[in-house]
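The lines below spell out each chain.
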Amino acid sequence: MKLYFLGTSAGVPTNFRNVSSLALLLPEYNGDIWLFDCGESTQHQVMKSPIKLSRINRIFITHLHGDHIYGLPGLLSTRSFQTDSPLTLYGPKGIREFLETTLRISETYLSHPLEIHEIEDGTKIEEKHFTIHIKKLEHRIACFGYRIEEDEKPGKLNIKKLLAEGVKPGPIFQKFKRGEIVTLQDGRQINGKEFIEPPTPGKIITILGDTLPCKNSLLLAKNADVLVHEATHFHEYVDKAAQYHHSTTIQAATIAKEANAKRLIINHISPRYHDVMEEDMLTEVQSCFPNSYLANEHQSYEC
């Protein structure tokens with residue numbers, strides 16, 4: 001699994017950063033792609049990336065501010081020219097009205113089925129291989145965070161241990177892998193379950209929308225392998241960040257630290273910060289939470 005950032009600027013696009021959108025690439029799961037937020041010109045960013053619109057089958061919207069949704073009608077329209085495969089959209093109350101009104105007034109007709117689910121605090125989504133927990137954050141309008149929990153993976157068959165028991169490789173290994181009790185040619189009975197290693201825990205990926213530091217951020221980020229958290233401002237502008245219900249570098253790092261997250265990626269960077277200042281921003285985050293990264297356009301991060 002990979003996170004691929006398509007837009008990381010706060011509020012407005014710049015020459016170096018587009019507005020909010022990121023993709024979760026799932027090559028292990030049929031090559032599906034999940035998109036989180038869809039700011040203006042997201043489809044242009046997709047055209048410059050290895051992402052195919054036809055592979056996007058889930059879209060998750062954190063909130064209805066323009067820099068997170070204005071690219072959605074165009075992206076859906078373009079996708080409709082490329083595939084008729086269904087798409088499911090999740091977002092706050094109002095996302096249905098926004099889309100249906102925009103598509104109706106512009107007389108845009110989609111060639112694929114579009115299923116829209118309006119979420120609320122505590123919504124839980126059961127997907128094949130994943131469970132997604134959704135909680136409301138602290139922003140000026142209803143805004144949500146997503147915790148994606150991958151199902152645990154079955155333990156691998158301990159082939160070395162079987163060979164040590166004198167079991168020769170072959171189709172019989174499949175029976176051991178299924179945990180069956182197998183009778184060997186010499187009469188011995190071997191319980192396959194004793195040769196299966198413990199299951200591997202699934203990954204936990206937390207993607208938060210715009211927010212002040214809050215209890216639900218901690219709950220969603222608890223023990224996450226990757227936490228994506230906005231860090232709109234340097235910490236010296238904490239009052240300004242609070243005024244618009246955003247977070248600072250140190251606040252994002254503190255959430256990651258208190259939640260025992262393994263890795264932090266900050267995004268939603270204020271347009272006032274140019275390249276040199278971004279380096280200072282990363283240094284400030286890492287002073288509190290060393291395993292931190294600053295999201296950049298068209299960069300991917302292993303989960």
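As the structure is a computational prediction, the values presented were derived from the model and not from experiment. (Residues numbered from 1 in each chain as written. Predicted model: local features only at pLDDT ≥ 70, side-chain atom pairs only at ≥ 80, totals over all residues. Heavy atoms only, no water.)

## Observations concerning the UniProt feature "binding site: Zn(2+) 1" (unreviewed entry) in the protein
Part 1 of the reasoning: In the numbering used here, UniProt assigns the "binding site: Zn(2+) 1" (unreviewed entry) feature to H63, H65, H139 and D210. In sequence the annotated residues extend across 148 residues, while in space they remain close, none of their C-alpha pairs exceeding 10.5 Å.
Part 2 of the reasoning: If we ignore the near neighbours within four places in the chain, the residues touching H63 are D37, H68, I69, P92, H139, I141, A142, C143 and D210.
Part 3 of the reasoning: At 2.9 Å, the side chain of H63 forms a polar contact with the side chain of T62.
Part 4 of the reasoning: Within the element layout of this structure, H65 appears in the loop between strand 4 (56-60) and helix 2 (66-69).
Part 5 of the reasoning: H65 gets classed as buried once you look at its relative accessible area, which sits at 18%.
Part 6 of the reasoning: Leaving out residues up to four positions away in the same chain, H65 has contacts with H139, R140 and I141. (UniProt positions renumbered as here; feature names shortened; annotations may be inferred. Contact = heavy atoms within 4.5 Å. Polar contact = N/O pair within 3.5 Å; in protein donor to acceptor, adjacent residues only side chain to side chain. Helix = DSSP H or I, 4+ residues; strand = E, 2+ residues; numbered from the N terminus. Buried < 20%, exposed > 50% of the residue type's maximum accessible area, 1.4 Å probe, protein only.)

## Notes on the sheet that holds strand 7 (residues 124-127)
Part 1 of the reasoning: Taken in spatial order, the seven strands of this open sheet run 7-8-9-12-13-14-15, and their pairing is mixed. In the strand order of this sheet, the two ends are held by strand 7 and strand 15 (292-294), each with one partner. The sheet shows a mean angle of 15 degrees between the axes of neighbouring strands, direction not considered.
Part 2 of the reasoning: Both strand 8 (residues 130-136) and strand 9 (residues 144-150) contribute to a ladder of seven bridges, which runs antiparallel. Bridge assignment links I134 to a residue of strand 9, and that residue is Y146.
Part 3 of the reasoning: Its contacts with the sheet place helix 9 (residues 249-258) against strand 13 (226-230) and strand 14 (264-267), and it is angled at close to 155 degrees to strand 13. (Pairing = 2+ DSSP bridges. Axes fitted to C-alpha atoms, helices over the stretch in contact; angles between N-to-C directions.)

## Some remarks on the side chain of T88
Part 1 of the reasoning: Mapped onto the secondary structure, T88 falls in strand 5 (residues 87-91).
Part 2 of the reasoning: Owing to a relative accessible area of 9%, T88 belongs among the buried residues under this scheme.
Part 3 of the reasoning: Among the polar contacts listed, one links the side chain of T88 to the side chain of R58, at a separation of 3.4 Å.
Part 4 of the reasoning: Apart from the residues lying within four places of it in its own chain, the contact partners of T88 are N57, R58, I59, E115 and H117.

## A look at the sheet that holds strand 16 (residues 300-302)
Part 1 of the reasoning: Reading across the sheet, the seven strands line up as 6-5-4-3-2-1-16 and stay open at both edges, with mixed pairing between neighbours. Looking along the sheet, the strands with just one partner apiece sit at the ends: strand 6 (114-118) and strand 16. Shown here is a sheet whose adjacent strand axes are inclined to one another by a mean of 20 degrees, direction ignored.
Part 2 of the reasoning: Strand direction decides the pairing type here: strand 4 and strand 5, joined by three bridges, are parallel. Along strand 5, the bridge assignment pairs F60 with Y90.
Part 3 of the reasoning: Helix-sheet contacts for helix 3 (residues 72-82) involve strand 3 (32-36), strand 4, strand 5 and strand 6, and the interaxial angle to strand 4 is about 170 degrees.
Part 4 of the reasoning: Together, strand 5 and strand 6 form the strand contacts of helix 4 (residues 95-105), whose direction differs from that of strand 6 by roughly 145 degrees.

## Re the state of the cysteines
Part 1 of the reasoning: Under the definition given, this model contains zero disulfides.
Part 2 of the reasoning: Not part of a disulfide, C303 finds its nearest cysteine sulfur in C38, a span of 20 Å.
Part 3 of the reasoning: Judged by relative accessible area, which is 16%, C303 ranks as buried. (Disulfide = S-S within 2.5 Å.)

## Description of the nonpolar core
Part 1 of the reasoning: In terms of nonpolar packing, the biggest core is built from 27 residues, with L3, L24, W34, F36, Y146 and I148 touching the most fellow members.
Part 2 of the reasoning: Elements that contribute at least two residues to this core include exactly strand 1 (2-7), strand 2 (21-26), strand 3, strand 8, strand 9, strand 12 (204-208) and strand 13.
Part 3 of the reasoning: Residues contacting F36, with those up to four places away along its chain left out, are S21, L22, L24, F60, Y146, I148 and I207.
Part 4 of the reasoning: The next biggest cluster of nonpolar side chains, apart from the first, holds 25 residues, and it includes L220, A256, A261 and Y273. (Core = buried A, V, L, I, M, F, W, Y, C linked by side-chain atoms within 4.5 Å.)

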